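# Residue-level structure breakdown
Residue-level listing of the chains:
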Amino acid sequence: MEFTYEGLVRYGFGFYNPNHAAALICAMLPFVWLLFLQPQFWKKLFGFLLSAVLVCALTMTYSRSGIVVLALEAVAFLAATRFKSWKPFAILGVVIVGLAVLLGVSERFTIDASASNRLQIWQAGLSIFAANPFGVGLGNSGKIATAFLLPDGINCRTLVNSHLTLLCEYGIFIGALWLTFIAYAILNAIKTQSHLKIVTVIAFCGMAVSATFASVFDLEVLFYPQRFGHFTTLNVAMQWLNFVVFLVLGAYLCLGNFTLKRIAASFAISCAMLLSLFTIGKTLPQSPKYQQIDGIEFVGFSKDVSPSLVLFDDDYTLKSAWDFITSHDIGKDCAIALQPFCGEALPNASAKEYILFGNCSDFVNTTNAPCVLIKPSTYFVPQGKNISAIYLPKWDKAYERLRREMRNLQKSY
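Computed from a predicted model, the values in this text were never measured in an experiment.

### Observations concerning a nonpolar patch on the surface
Among the surface-exposed residues, Y170, I174, L177, F223, Y224, W240, V244 and V248 lie close enough to one another that they form a single nonpolar patch of about 710 Å² accessible area. Mapped onto the nonpolar patch, the elements with two or more residues apiece are α8 (172–189) and α11 (233–254). No other element matches α11, which puts 3 residues into the nonpolar patch.

### Let's talk about the pairing of strand β4 (residues 296–300)
Two elements, strand β3 (residues 289–293) and β4, share 5 bridges in a ladder whose sense is antiparallel. Along β4, the bridge assignment pairs Q291 with F298. Connecting the antiparallel pair β3 and β4 is a turn made up of 2 residues, with D294 showing a positive phi of about 50°.

### Comments concerning unusual backbone geometry
The backbone of D294 sits at a positive phi, close to 50°, despite the residue not being glycine. Within the secondary structure, D294 sits in the loop between β3 and β4. Even without being glycine, D329 reaches a positive phi, approximately 55°. Summarising the element assignment, D329 is placed in the loop between α13 (318–327) and β6 (334–337). Taking the relative accessible area as the measure of exposure, D329 reaches 51% and is therefore exposed.

### Some thoughts on the packing of aromatic side chains
All chains considered together, the criterion is met by 25 aromatic pairs. An angle of 75° between the planes, with centres 5.8 Å apart, marks the rings of F223 and W240 as edge-to-face. Here W240 lies in helix α11 and F223 lies in helix α10 (residues 219–223), a separation of 17 residues in the sequence. Overall, the relative accessible area of 32% leaves W240 in the partly exposed class. Every member of this aromatic cluster is reached through a ring pair, and the members are W178, F181, F204, F217, F223, W240, F243 and F246. A cation sits over an aromatic face here: K197 above Y252, 5.6 Å from the ring centre. The cationic tip of R227 hangs over the ring face of Y224; the distance from NZ or CZ to the ring centre is 4.2 Å.

### Notes on the environment of T317
By the element assignment, T317 lies in the loop between β5 (308–311) and α13. The sequence separation of T317 and G229 amounts to 88 residues, and the corresponding C-alpha distance is 19 Å.

### Points about the layout of surface pockets
Here the second largest pocket is characterised by a volume of approximately 360 Å³. Contributing to the lining of the second largest pocket are 20 residues, with N161, H163, L179, M273 and L277 lying nearest its centre. Residue assignment for the lining of the second largest pocket shows that the elements contributing at least two residues are α5 (113–131), α7 (162–170), α8, α9 (195–213) and α12 (260–282).

### Some words on the pairing of β6
Neither face of β6 is left uncovered, since the one carrying C334 and I336 and the one carrying A335 and A337 both have all their residues buried. Judged from the 3 bridges that link them, β4 and β6 form a sheet pairing that is antiparallel. In the strand pairing of β6, V299 is matched with I336. Note: β5 against β6, 3 bridges, orientation parallel. Within β6, the position partnered with L309 by the bridge is A335. Viewed along the sheet, the connection from β5 through α13 into β6 turns out right-handed.

### Description of the environment of V136
Locating V136 in the fold gives a position in the loop between α5 and α6 (141–149). A relative accessible area of 0% places V136 in the buried class. V136 sits 223 residues away from N359 along the chain, and the two C-alpha atoms are 27 Å apart. When near neighbours in sequence (up to four residues on either side) are disregarded, V136 contacts I128, S141, I144, C168, E169, Y290 and E297.

### Looking at the confidence of the model for the protein chain
Overall, the prediction assigns the protein chain a mean pLDDT of 88, with 92% of residues at 70 or greater. Of all helices and strands in the protein chain, the one with the weakest mean pLDDT is strand β1 (residues 2–5) (54), whereas α7 scores best (97).

### Considering α12
The terminal C-alpha atoms of α12, which comprises 23 residues, lie 33 Å apart, in line with the 33 Å expected from a rise of 1.5 Å per residue. For α12, the complete set of buried residues consists of S266, S270, L274 and G281.

### Re the state of the cysteines
For the coordinates displayed, the defined rule picks out 0 disulfides. No disulfide involves C205; its sulfur sits 12 Å from that of C254, the nearest cysteine. For C205, a relative accessible area of 27% gives the class partly exposed. Free of any disulfide, C271 has its nearest neighbouring cysteine sulfur in C254, separated by 17 Å.

The rules behind the values
Residues numbered from 1 in each chain as written. Predicted model: local features only at pLDDT ≥ 70, side-chain atom pairs only at ≥ 80, totals over all residues. Heavy atoms only, no water. Patch = residues over 30% accessible without salt bridge, like charges linked within 9 Å, V, L, I, M, F, W, Y side chains within 5 Å. Areas by Shrake-Rupley, 256 points an atom, 1.4 Å probe, with all protein chains shown as cover. Salt bridge = Lys/Arg side-chain N within 4 Å of Asp/Glu carboxyl O. Helix = DSSP H or I, 4+ residues; strand = E, 2+ residues; numbered from the N terminus. Pairing = 2+ DSSP bridges. Buried < 20%, exposed > 50% of the residue type's maximum accessible area, 1.4 Å probe, protein only. Phe/Tyr/Trp six-rings, centres within 6.5 Å; stacked < 30°, edge-to-face > 60°. Lys NZ or Arg CZ within 6 Å of the ring centre and 35° of its normal. 1 Å grid on protein atoms, 1.4 Å probe; cavity = no way out; pocket = protein on both sides within 12 Å on 5 of 7 lines; lining within 4 Å. Points joined across faces, edges and corners; volume = space filled by probe spheres on them. Right-handed = clockwise from strand over helix to strand, strands pointing away. Contact = heavy atoms within 4.5 Å. pLDDT = per-residue confidence, 0-100. Expected span 1.5 Å × (residues − 1). Disulfide = S-S within 2.5 Å.

Now the structure itself:
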């Protein structure tokens, strides 16, 4: 697949994100470099030619993180195998620099919005984790970060970091297992003399680093591909390939030399990392807290057991609904649904107030709690006396009837 980014054509090679293709290419290269260690010249030559092909493919992804990971892997390979002939790597370096200049890849090695936005997204993720250590649910971290913690213009579906996304969405227990697995795989092979295990740990670490700079393991795509109708079967299959390759590499490194001491050390490293992330998150702007009410996911800053509840329809997003609430100073102590509401009855009949957007206003007659209505349908007929305010578009003539009927409660925007 091809992708255009600021006039540059990036190749995904079957992946929906070129950075994910770069991660797999970087994982393949250390195994190719094993041929450099063979005594036969033809094997060395074949290894060099195959490396050159993969380096060219990597360059065509225009992945900055991929090139950085490649450089780190090359240094690690030279150091770990004590391979004294650095010339093949120098030639490959010249190839990648030449292609970078020729294809314009070098233009991406600047601090642009894509790079600076990552830092803000990661900070938002740490804040989400600190406020919700038990997770916010699969696919919700990006929505929460975009709506509550990021400036306008920065939108994300994941946290552009597979490890942080998993931690925020699945919580501290799954996160601890994930980090313990990574730590144990590395510790178990760190003193190995086997060249195969050496390149395996290099490839494994390379994928782990790649997943730190991109959503290389996109769990929402893996487990709910039906949510992404624009992805092809090949896109999903390649996403599974990356995830399976990482697990297989890690499982191979975990085999043999099993000791409780090493497991304890890996778990201690995991806990230290989680504690550090949690502490950093506590110093950042506060994230809303996640909760489920009658099976519906909500987020908010309320400390009440039964807060004001905000529901919106398909004409709104979480961000647009929250922006309206904050800009009009409504519901200071509320929880807002993460998804457009399509239920048959209002959740939590004991809520002290409902704030209802669009067609959700039709539920106002099913509760005795005070309700704030925001742009109900033009055919809405108010009944009862529990409407505390109604917000109508100022210049829309279709709302003339409601303006007359709700004159005392109507607020224009």
